[in-house]
Amino acid sequence: FFACVLESGVLYYLPTGAISLSKRSWRGVRSMNRMGPSFSKQKNGGFFMSKWSTRQIATAAIIAALYTVMSLLSSIFGLTYGPIQCRFSEALTVLPFFLPEAVPGLFVGCLVTNLMSTVGPLDIIFGSMATLLAALWTAKMPNKFLATLPPVICNAVIIGAMIAWYEGGFSAQFPALFAYNALTVGIGEAIACCVLGLLLLEVMPRIPALRGRLAVR
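An account of the accompanying structure is given in this report. Since the model is a prediction, treat every value here as computed from it, not as a measurement.

1. Comments concerning the overall build of the protein chain
Move 1: Across its full length, the protein chain carries seven helices and three strands.
Move 2: A buried classification covers 45% of the 217 residues belonging to the protein chain.
Move 3: Of the contacts formed within the protein chain by residues at least 6 apart in sequence, a portion of 65% connects residues at least 24 apart.

Below is the structure:
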């Protein structure tokens, strides 16, 4: 139903009925490109934007790499996997509040990290999906303080339940195991997101190189 048109590093999605663009219509597309990409949530609909620039794709890749490296750094201290975890990389999960392209970057970074998880395929699937859900939710938050909560909630509930099942299955011990793991995972997430993540959200608008690139809230 849609066709892709690449113009000066920007990928446009056009209905198939609009393939035969007139010269005047194509000039309109070119003028959109000269105006540069807009990062307004109202104009672009957050993560589900109509176009992705090469800069955004590169940013997503950098975020994925940073998440993986920071997670591996946390694993040195035994804080990346298991019931007691505080991934330094989880501070990056607040980035979708300002950068919609951070959503796929965080998902890919978490997926790569979880390939080495001690929990195995469970963490690869449910751990990565928890990060994706939290990133999409964070992108919809109205202010930076609330933007730190989705990663905490999603990981406490989903990862807490995953570890509880991994340790005891759906036995009589599951409620107690879930409560313990949800609490410990939630505390680690709160430290990473509500402390380090909030600090990151405070600093980012003051960085000259990021001015004009952050989503308008």
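2. Remarks on the packing of helix α3 (residues 54–75) against helix α4 (residues 102–114)
Move 1: The interhelical angle for the contact between α3 and α4, taken along N-to-C directions, is 35°, at an axis separation of 7 Å. Between α3 and α4 lies a crossing of right-handed hand. Contact residues: α3 offers Ala-60, Ile-63, Ala-64, Tyr-67, Thr-68 and Ser-71, while α4 offers Ala-102, Pro-104, Gly-105, Leu-106, Val-108, Gly-109, Cys-110, Val-112 and Thr-113.
Move 2: Considering only residue class, the contact of α3 with α4 consists of 10 nonpolar, five polar and no charged.

3. As for empty space enclosed by the protein
Move 1: Inspection of every chain in the model, using the stated rule, returns three cavities of 30 Å³ or more.
Move 2: When its volume is computed, the largest cavity comes out at roughly 110 Å³.
Move 3: What lines the largest cavity is a set of 18 residues, and nearest its centre among them are Gln-85, Arg-87, Asp-123, Asn-155 and Ile-159.
Move 4: Those elements that provide at least two residues to the lining of the largest cavity are α4, α5 (121–138) and α6 (149–168).

Procedures and definitions
- Residues numbered from 1 in each chain as written.
- Predicted model: local features only at pLDDT ≥ 70, side-chain atom pairs only at ≥ 80, totals over all residues.
- Heavy atoms only, no water.
- Helix = DSSP H or I, 4+ residues; strand = E, 2+ residues; numbered from the N terminus.
- Buried < 20%, exposed > 50% of the residue type's maximum accessible area, 1.4 Å probe, protein only.
- Contact = heavy atoms within 4.5 Å.
- Axes fitted to C-alpha atoms, helices over the stretch in contact; angles between N-to-C directions.
- Left-handed = near helix turned anticlockwise from the far one by under 90°.
- Nonpolar A, V, L, I, M, F, W, Y, C, P; charged D, E, K, R; others polar.
- 1 Å grid on protein atoms, 1.4 Å probe; cavity = no way out; pocket = protein on both sides within 12 Å on 5 of 7 lines; lining within 4 Å.
- Points joined across faces, edges and corners; volume = space filled by probe spheres on them.

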